[in-house]
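Each chain, letter by letter, is given below.
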Amino acid sequence: MGTLSDITIGPFTRAQGSIDLPGSKSISNRALLLAALSSGTTTLKNLLDADDTQVMRNALRQLGLAVEDQANHICVVQGCGGQFPVRSADLFMGNAGTAIRPLTAALAMQGGNYRLSGVARMHERPIRDLVDGLRQVGADIAYELEDGYPPIQINAAHIQINDVVKVRGDVSSQFLTALLMALPLVAKDPVRIQVIGELISRPYIEITLKLMARFGVAVDCPDAQSFIIPAKTSESVYVSPGSLLVEGDASSASYFLALGAIGDGPVRVLGVGSDSIQGDVAFADALVMMGARITAGEDWIEVSGVKNVSGRLNGITIDCTEIPDAAMTLAVAALFADGPTRLNGIASWRVKETDRIAAMAKELKKIGAHVEEGADYIVVEAPKSRSDWQSPPEGIDTYDDHRMAMCFSLAAFGPHALKINDPNCVAKTFPTYFGEFAAIVS
Ligand SMILES: O=C(O)C1=C[C@@H](OP(=O)(O)O)[C@@H](O)[C@H](O)C1
Ligand SMILES: C=C(OP(=O)(O)O)C(=O)O
């Protein structure tokens, strides 16, 4: 173990044990916002305790909501019935896409004045497609620095919806998610949201629709690009389900599942399984394609090494449009595969916590992997032999990207110890990651 600014881990050969997964970030932030907008009190169980959900909770408190953190990852939210008590606020969103995008849309419906900003990287992450969608219903939103990016200023405006709102879906699905959750607050008649062009990260839309249904709003999907929001029939559109259990985070599960494959296992994750509503459980299918031995139940998945006689994974070519986050884990798992692994459909990596294609390529090369990158793909091939593996003395850089740090912990199963710089960036979604990791590896 190293200092706070870096950590040195490995080399390890075995991974064995079970992990209680922290709550899903995607479900936690949706549930917090919907609970805040609903009538009634909601008890959220297994809520994720991490930077991304902290910025959402703090913003809701600033907006006048009672959001009470209790022991054991329980959080009790008193809903406001759709109108935030505070009509003017300056909100800090860190680097949480699942906070700034849905909140921007909900706030634009409020008739108040709000400013939303974040860390420097947040000010480089696009929000234009959402702002364009909101402007179609009369929202008054101004860019403070650069057009298309936060910080943004929302000014009180008269919201009037025509029957169709159009939104692009090829940069981030979070813009559609934001419109889906916000438009029911003001829909006097049914509204059609029409997605223009490709819709990436579609399973996250399924999470949105399922959570909205839990809070009493059913969206109709007559075709793959259309979503019909029902007309508002009562003052409070969203109704609290009373309590809601947040599933374990399927993206966080991916690191442990990969460890179960490369460290022989068995490694079992508890909290997600065949009943999950998260698209990233499909990471397990990708691992099976790579030769891993996997079993699953309704709320658990277990990996016990690989089936291949070589004892190694096999490289695959896979479209990752639906699993953008777990796909990063595949890129590092490729270090333990025979043959190249090609991940397609990952253009969105370039506008996330960092330019993840560039960062992944640069750091994997430091280890000795052969890497090719394109606008929307990456190909990774392991170092030719164990003697070609490098342990970069300067360490693996993590670019303030939690997933870079978590993914690269897998590379400590190479022949050398590995230094990872700024491991605390895991706090965005999984503050206890390296402790959980240390408990199962040897
Ligand atoms: O809606 C969500 O909860 C998320 C959607 C995805 O983003 P994009 O839609 O931008 O790909 C994903 O990468 C992100 O971590 C969480
Ligand atoms: C892309 C991610 O986060 P965000 O919700 O900020 O988009 C992520 O967690 O990998």
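Reading the values: rules and limits
Residues numbered from 1 in each chain as written. Chains lettered and ligands numbered in written order. Predicted model: local features only at pLDDT ≥ 70, side-chain atom pairs only at ≥ 80, totals over all residues. Helix = DSSP H or I, 4+ residues; strand = E, 2+ residues; numbered from the N terminus. Rg over C-alpha atoms; globule rule 2.2 N^0.38 Å. Buried ≥ 20, exposed ≤ 12 C-beta atoms within 10 Å, placed from the backbone. Contact = placed C-beta atoms within 7 Å. Near = placed C-beta within 6 Å. Nonpolar A, V, L, I, M, F, W, Y, C, P; charged D, E, K, R; others polar. Domains from an automatic or database assignment. UniProt positions renumbered as here; feature names shortened; annotations may be inferred. Pairing = 2+ DSSP bridges. Axes fitted to C-alpha atoms, helices over the stretch in contact; angles between N-to-C directions. Core = buried A, V, L, I, M, F, W, Y, C linked by C-beta atoms within 7 Å. Left-handed = near helix turned anticlockwise from the far one by under 90°.

Enquirer: Any chance you could explain the overall build of the chain here in plain terms?
Expert: Of regular secondary structure, the chain possesses 12 helices and 24 strands. On C-alpha atoms alone, the chain measures out to a radius of gyration of 22 Å, which is about the 22 Å that the 2.2 N^0.38 rule sets for 442 residues. Split into buried and exposed, the 442 residues of the chain put 54% on the buried side.

Enquirer: Could you clarify how one ought to interpret helix H4 (residues 128-135) in this entry?
Expert: Every α-helix winds through 3.6 residues per turn, so residues three or four apart in the chain are directed the same way. Listed in full, the buried residues belonging to H4 are Asp129, Leu130, Val131, Gly133 and Leu134. Where H4 is buried, its residues meet helix H3 (97-108), strand E8 (140-143), strand E9 (152-155), strand E10 (164-168) and helix H5 (174-182).

Enquirer: Is there a simple way to explain unusual backbone geometry in this structure?
Expert: Excluding glycine, residues mostly have negative phi values, and the peptide bonds linking residues are mostly trans. The peptide bond linking Gly10 to Pro11 adopts the cis configuration, its omega dihedral lying at 0°. Here the residue pair Pro150 and Pro151 is connected by a cis peptide bond, since its omega of 0° sits within 30 degrees of zero. Assignment of secondary structure puts Pro151 in the loop between E8 and E9. Within the chain, Tyr399 stands out as a residue other than glycine whose phi angle is a positive 60°.

Enquirer: Is there a simple way to explain the site of ligand 1 in this structure?
Expert: With respect to spatial proximity, 13 residues lie near ligand 1, and among them Ser26, Ser172, Ser173, Ser201 and Tyr204 are the closest. Elements that contribute at least two residues to the shell around ligand 1 include exactly H3 and H5. Residue classes in the shell around ligand 1 are distributed as three nonpolar, nine polar and one charged. The two domains that each donate at least three residues to the shell around ligand 1 are domain 1 (6-21 + 249-440) and domain 2 (25-230).

Enquirer: What is the right way to look at the UniProt feature "active site" (unreviewed entry) in the chain in this model?
Expert: Within the UniProt annotation, "active site" (unreviewed entry) is assigned to Asp325. Of note, Asp325 is situated in the loop between strand E19 (317-319) and helix H9 (327-333).

Enquirer: Is there a simple way to think about the UniProt feature "binding site: 3-phosphoshikimate" (unreviewed entry) in the chain in this case?
Expert: Within this numbering scheme, the UniProt entry marks Lys25, Ser26, Arg30, Ser172, Ser173, Gln174, Ser201, Asp325 and Lys352 as carrying the feature "binding site: 3-phosphoshikimate" (unreviewed entry). Considering the arrangement of structural elements, one finds Ser26 in helix H1 (residues 25-37). On the neighbour-count criterion, Ser26 (30 C-beta atoms within 10 Å) is buried. Setting aside residues no more than four positions away along its own chain, Ser26 makes contact with Thr98, Tyr204, Ile207 and Gln278. A tally of 22 C-beta atoms within 10 Å means that Ser201 is categorised as buried. Those residues within four positions of Ser201 in sequence are excluded, and the remaining contacts are Ser173, Glu322, Pro324 and Ser348.

Enquirer: Explain the site of ligand 2 to me, please; I cannot follow it from the model alone.
Expert: Inspection of the region around ligand 2 gives Asn95, Ala96, Gly97, Thr98, Asp325, Lys352, Arg403 and Thr429 as its neighbouring residues. Looking at the shell around ligand 2 residue by residue, the class counts come to one nonpolar, four polar and three charged. Here the shell around ligand 2 spans two domains, and each of domain 1 (6-21 + 249-440) and domain 2 (25-230) adds at least three residues to it.

Enquirer: I would appreciate a short explanation of the domain arrangement of the chain in the present structure.
Expert: Interface size, as often reported, equals the accessible area lost upon joining of the parts. When cut into domains, the chain gives domain 1 (6-21 + 249-440) and domain 2 (25-230). The C-alpha-based centres of domain 1 and domain 2 are spaced at 30 Å. Contacts between domain 1 and domain 2 engage 17 residues on the former and 20 residues on the latter. The class makeup of the residues in the side of domain 1 that touches domain 2 is six nonpolar, six polar and five charged.

Enquirer: Just to check I follow, could you spell out the sheet that holds strand E21 (residues 341-344) for this structure?
Expert: The strands making up a sheet are joined through hydrogen bonds of the backbone, oriented either antiparallel or parallel. Spatially, the four strands line up as an open sheet ordered E19-E21-E23-E22, and their pairing is mixed. The open sheet has two free edges, formed respectively by E19 and strand E22 (370-373), since each of these has just one partner strand. Within the sheet, the average angular offset between the axes of one strand and its neighbour, ignoring direction, is 10°. Direction of pairing for E21 relative to strand E23 (residues 377-381): antiparallel, over a ladder of four bridges.

Enquirer: Would you explain the sheet that holds strand E5 (residues 74-78) in this entry?
Expert: Pairing is mixed in the open sheet, where four strands are placed in the order E4-E5-E3-E14. Edge positions in the sheet fall to strand E4 (66-70) and strand E14 (243-245), since each of these pairs with one other strand and no more. Direction aside, neighbouring strands of the sheet carry axes that sit 15° apart on average. Judged from the three bridges that link them, strand E3 (residues 41-45) and E14 form a sheet pairing that is parallel. Across the sheet, the residue bridging to Lys45 is Leu245, located in E14. Each of E3, E5 and E14 is contacted by H1, which is oriented at about 165° to E3, the strand it contacts most.

Enquirer: How do you make sense of the nonpolar core when you look at a structure like this?
Expert: The nonpolar side chains of a soluble globular protein tend to be buried with one another. Core analysis: the largest hydrophobic core is formed by 150 residues, its most contacted members being Leu179, Leu257, Ala331, Ala333 and Leu410. In terms of residue count, the dominant contributor to this core is helix H7 (residues 250-262) (nine residues). When residues are assigned to domains, this core turns out to be shared by domain 1 (6-21 + 249-440) and domain 2 (25-230), each giving three or more. Once residues lying within four places of it in the same chain are set aside, the contact partners of Leu179 are Ala105, Gly133, Val165, Val167 and Ile193.

Enquirer: Can you help me understand the packing of H1 against helix H6 (residues 203-214) in this one?
Expert: What describes two packed helices is the angle between their axes and the distance between those same axes. Two numbers describe how H1 lies on H6: the axes approach to 10 Å, and their chain directions differ by 35°. Between H1 and H6 the crossing geometry is right-handed. Two secondary-structure elements touch here, H1 through Ser26, Ile27, Arg30, Ala31 and Leu34 and H6 through Tyr204, Ile207, Thr208, Leu211 and Met212. Split by residue class, the contact of H1 with H6 holds seven nonpolar, two polar and one charged.

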